[in-house]
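Single-letter residue listing:
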Amino acid sequence: MTPELLVRDHTVYTCVMGSRAFGLATEGSDTDRRGVFLAPTALFWQLDKPPTHVEGPGEDQFSWELERFCELALRANPNILECLHSPLVEYADDTGRELLSLRGAFLSRRVHETFTGYARGQRRKLQADLRNHGAPRWKHAMHLLRLLISVRDLLRTGRLVIEVGEEREPLLAVRRGEVPWAEVEARLSRLEAEAEEALHRSPLPAEPDRRRVEDFLFRVRRTSALGSS
């Protein structure tokens, strides 16, 4: 079975991500689609295993196999968790809907390390752009601010909301280069400090609910195996 057929015939969940999901789309924004497919269990009994992810077949489309998706979500991967909380869900079958019902099981205080760690790496890249080219990539600066706002609020409330709401216009001003870099950097530092403070009072558990996720994966693999026998 080709990767394209896996995505076409075995997708359980698809959503729109990127600027459109964040509420930051402009006239020229792309439509980034992300999805999850469930490879039939019988494929894992072969020497050549099914892929963990597939790029395409559509433009700006990327999908993960369900087990890989859950593994990354348990590690608090920012891209995966945001995909799971997109407000723009395009498709979900029964398995996809159960996956969505498990969103809370993946959340833990690990998000502080993964989100802020990613943010620090991106910040260093922006600083390198400033040194080498005289200006940062303003679009990347905007998304870095958005990410830190998101994780700060997640740690405070226990809920991951990726749509920026009333932050839209201030963030778009950063994207347009209308905010001095010194002001952007000061806000980045403030958001990091607020996320650190929120970590110690967060309602999130210390670890994700791995057992609940494993039970889900076992059941869907078993159902797939029985259906193919």
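Just so it is clear, the structure is predicted and the values come from calculations on it, not from any experiment.

Colleague: Explanation requested: the overall build of the chain in the structure shown.
Modeller: The secondary structure content of the chain amounts to 11 helices and five strands. In terms of overall dimensions, the chain is globule-like: its C-alpha atoms have a radius of gyration of 19 Å, near the 17 Å expected for 229 residues. A separation of at least 24 residues holds for 76% of the contacts in the chain among residues at least 6 apart in sequence. Split by element, the accessible area of the chain, about 12100 Å² in all, is 48% carbon and sulfur. The distance from the centre of the 34 positive side-chain charges to the centre of the 35 negative ones in the chain is 3 Å.

Colleague: Explain the pairing of strand S4 (residues 61–65) to me, please; I cannot follow it from the model alone.
Modeller: A regular strand places its side chains so that they alternate between the two faces of the sheet. Of the pairings in the sheet, the one linking strand S2 (residues 32–37) to S4 comprises five bridges and is parallel in character. Across the sheet, residue Arg-34 finds its bridge partner in S4, namely Phe-62. Bridge count for strand S3 (residues 53–55) against S4 is three bridges, and the pairing is antiparallel. Among the inter-strand pairings, Glu-55 is bridged to a residue of S4, identified as Phe-62. Between S3 and S4, which pair antiparallel one after the other, the connecting turn spans five residues, and Gly-56 there sits at a positive phi close to 95°.

Colleague: Teacher, can you tell me more about the confidence of the model for the chain here?
Modeller: Keep in mind that low pLDDT regions are not for reading the predicted coordinates in detail. In the predicted model, the chain carries a mean pLDDT of 95, and the fraction of residues at 70 or more is 99%. Helix H11 (residues 210–228) is the least confidently modelled element of the chain, averaging 93 in pLDDT, while helix H3 (residues 66–74) averages 98, the highest of any element.

Colleague: Would you explain the sheet that holds S3 in this entry?
Modeller: Sheet architecture is open: five strands sit in the order S3-S4-S2-S1-S5, paired in mixed fashion. Lying at the two open borders of the sheet, with one neighbouring strand each, are S3 and strand S5 (89–92). Sheet twist, expressed as the average angle between the axes of neighbouring strands with direction ignored, equals 15°. In this sheet, S2 lies alongside strand S1 (residues 11–17) in antiparallel orientation, the contact comprising six bridges. Along S2, the bridge assignment pairs Thr-14 with Gly-35. Lying on the sheet, helix H1 (residues 3–10) is in contact with S1, S2, S3 and S4; it crosses S1 at an angle near 90°.

Colleague: So what exactly am I meant to see when it comes to the nonpolar core here?
Modeller: For soluble globular proteins, the rule of thumb is that nonpolar side chains tend to be buried together. If you look at the biggest cluster of nonpolar residues, it comprises 62 residues, and the most contacted ones within it are Leu-66, Leu-81, Leu-99, Phe-106 and Val-111. Of all the elements, helix H8 (residues 138–157) adds the most residues to this core, at 10 residues. Those residues within four positions of Leu-66 in sequence are excluded, and the remaining contacts are Val-36, Phe-37, Leu-38, Thr-95, Leu-99, Phe-216, Leu-217 and Val-220. Membership of the second largest hydrophobic core comes to six residues, among which are Leu-6, Val-7, Leu-43 and Val-54.

Colleague: Just checking my understanding: could you explain the pattern of salt bridges for this structure?
Modeller: Where charged atoms from two side chains of opposite charge come close, those side chains can pair. Applying the stated rule across the entire model yields 20 salt bridges. Arg-210 is the salt-bridge partner of Glu-214, the closest N and O atoms lying 3.4 Å from each other. Of this pair, Glu-214 and Arg-210 both sit in helix H11, four residues apart, which is roughly one turn of that helix. Linked through salt bridges whose partners overlap, the residues forming this network are Glu-65, Glu-67 and Arg-221.

Colleague: What is the right way to read the environment of Thr-26 from this model?
Modeller: When you line up the elements, Thr-26 lands in the loop between helix H2 (19–22) and S2. Linking Thr-26 and Leu-172, residues 146 residues apart in sequence, is a C-alpha distance of 9.1 Å. Those residues in contact with Thr-26, other than ones at most four positions away along the chain, are Leu-172 and Arg-175.

Colleague: Would you explain the packing of helix H7 (residues 110–133) against H8 in this entry?
Modeller: Remark: H7 packs on H8, axes separated minimally by 10 Å, with the N-to-C direction vectors making an angle of 160°. By the angle between their directions, the pair H7 and H8 is classed as roughly antiparallel. By crossing handedness, the relation of H7 to H8 is classed as left-handed. Counting all contacts with H7, which are made through Val-111, His-112, Phe-115, Thr-116, Tyr-118, Ala-119, Gln-122, Arg-123 and Leu-126, the residues of H8 involved are His-140, Ala-141, Leu-144, Leu-147, Leu-148, Val-151, Leu-154 and Leu-155.

Colleague: Is there a simple way to explain the packing of aromatic side chains in this structure?
Modeller: In this description, an aromatic ring pair is defined by two values, namely the gap between the centres and the angle between the planes. Evaluation of the coordinates by the stated rule reveals three aromatic pairs. Relative to Trp-181, the ring of Trp-138 has its centre 6.4 Å away and its plane inclined at 65°; by these criteria the two rings are edge-to-face. Highlighted residues: Trp-138 in helix H8 and Trp-181 in helix H10 (residues 181–199), separated in sequence by 43 residues. Positioned above the aromatic ring of Phe-22 is the side chain of Arg-146, whose terminal nitrogen or guanidinium carbon lies 3.6 Å from the ring centre.

What counts, and at which threshold
Residues numbered from 1 in each chain as written. Predicted model: local features only at pLDDT ≥ 70, side-chain atom pairs only at ≥ 80, totals over all residues. Heavy atoms only, no water. Helix = DSSP H or I, 4+ residues; strand = E, 2+ residues; numbered from the N terminus. Rg over C-alpha atoms; globule rule 2.2 N^0.38 Å. Contact = heavy atoms within 4.5 Å. Areas by Shrake-Rupley, 256 points an atom, 1.4 Å probe, with all protein chains shown as cover. Lys, Arg positive; Asp, Glu negative; His and termini not counted. Charge placed at Lys NZ, Arg CZ, Asp CG, Glu CD. Pairing = 2+ DSSP bridges. pLDDT = per-residue confidence, 0-100. Axes fitted to C-alpha atoms, helices over the stretch in contact; angles between N-to-C directions. Core = buried A, V, L, I, M, F, W, Y, C linked by side-chain atoms within 4.5 Å. Buried < 20%, exposed > 50% of the residue type's maximum accessible area, 1.4 Å probe, protein only. Salt bridge = Lys/Arg side-chain N within 4 Å of Asp/Glu carboxyl O. Parallel < 35°, antiparallel > 145°, perpendicular 65-115°, else oblique. Left-handed = near helix turned anticlockwise from the far one by under 90°. Phe/Tyr/Trp six-rings, centres within 6.5 Å; stacked < 30°, edge-to-face > 60°. Lys NZ or Arg CZ within 6 Å of the ring centre and 35° of its normal.

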